[in-house]
Amino acid sequence: MKITIKQLTVAGVLGALMVVMYFVGISMIPVPNITGAMTIMHIPVIVGAIVGGPVVGLLLGIIFAVVVQIMFGGGFPWFVLMPARLLIGPVAWWVYASVRKAFSRQGEMKLTAAILISFFVSLVALTVWFTAAKGFNGNETTANIIAIFIGVGLGFLTYFLLIRSRVEGSSVSLSAIAGTLTNTVGTLGLAVLLTDSFGSTMPQRLVNAGLAAATNSPLEIIVAVVICAAVVPPLLKVVGKEA
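Parameters at a glance
Residues numbered from 1 in each chain as written. Predicted model: local features only at pLDDT ≥ 70, side-chain atom pairs only at ≥ 80, totals over all residues. Heavy atoms only, no water. Helix = DSSP H or I, 4+ residues; strand = E, 2+ residues; numbered from the N terminus. Expected span 1.5 Å × (residues − 1). Buried < 20%, exposed > 50% of the residue type's maximum accessible area, 1.4 Å probe, protein only. 1 Å grid on protein atoms, 1.4 Å probe; cavity = no way out; pocket = protein on both sides within 12 Å on 5 of 7 lines; lining within 4 Å. Points joined across faces, edges and corners; volume = space filled by probe spheres on them. Core = buried A, V, L, I, M, F, W, Y, C linked by side-chain atoms within 4.5 Å. Contact = heavy atoms within 4.5 Å.

(A) Quick look at helix H3 (residues 54-72). In a regular helix each residue adds 1.5 Å, so 19 residues correspond to 27 Å; H3 covers 26 Å between its end C-alpha atoms and thus fits that length. For H3, the complete set of buried residues consists of Val55, Val56, Gly57, Leu60, Gly61, Phe64, Ala65, Val67 and Val68.

Right under this line is the structure:
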């Protein structure tokens, strides 16, 4: 695939930003869970993928993977830390391009697409929260009921937001969510499957990974959506898009 000067420029600027974030110390934010940190470095990867296309997203993902390996290589192997970071950009770009196609020519979200996206959001939320609920110290039934309300509620909220949304805002926001979840779910999933970092038994690993995801993901998603929604549309007007 041919890389244009515009794509190289986008990759160079955002890549330099990521390096600066690493040296300044703002690429990872400490959180009180087993992972020890949440990240905001996935955001330039998502922005670059939307503006510059999947190749730019992959190049920025490589930078992200190298930085994470440098920071956490002593605690986790490379085959846990790096693969998901390489996929953030391509996944974010694919979701952005696919969601745009889900809108009609009048700029309204197609009903079938809104239902499918909402169902997927509910499914992801239920999976994460049911896993986390296994480590709930109180009544597990109560935790499961709360998880159901959260999952179904997020699904309905997503549906109504999509029906009332505009094409650019929805595609950027869902791309940010997908890129963030690729990072979190991919990395934690590999850690659960391939290492004993989250516990000696599989149930224990699932519980600890679920708790880590429940702690990190919501804030990472909110920050990614807010920043991408604010930054991407102006950038697209200036440099256009490769999607």
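Following the structure, the description resumes.
(B) Spotlight on the layout of surface pockets. Space inside the largest pocket adds up to approximately 1,500 Å³. Val121, Val124, Ile177, Leu181 and Ile221 are, among the 46 residues lining the largest pocket, the residues nearest its centre. Of all the elements in the fold, those that place two or more residues in the lining of the largest pocket are helix H5 (83-101), helix H6 (111-133), helix H7 (140-163), helix H8 (167-194) and helix H9 (202-239). The dominant element in the lining of the largest pocket, judged by the number of residues it contributes, is H8, at 13 residues.

(C) The arrangement of the nonpolar core in detail. Ranked by size, the top nonpolar core spans 41 residues in total, and within it Val47, Phe64, Cys228 and Val232 carry the most contacts. Counting only elements with at least two residues in this core, the list comes to helix H1 (5-24), strand S2 (37-39), helix H2 (42-52), H3, helix H4 (78-81), H5, H8 and H9. Once residues within four sequence positions are removed from consideration, Val232 is found in contact with Val47, Ile50 and Val172. Formed by eight residues, the second largest nonpolar core is a distinct cluster that contains Val95, Phe103, Leu162 and Leu174.

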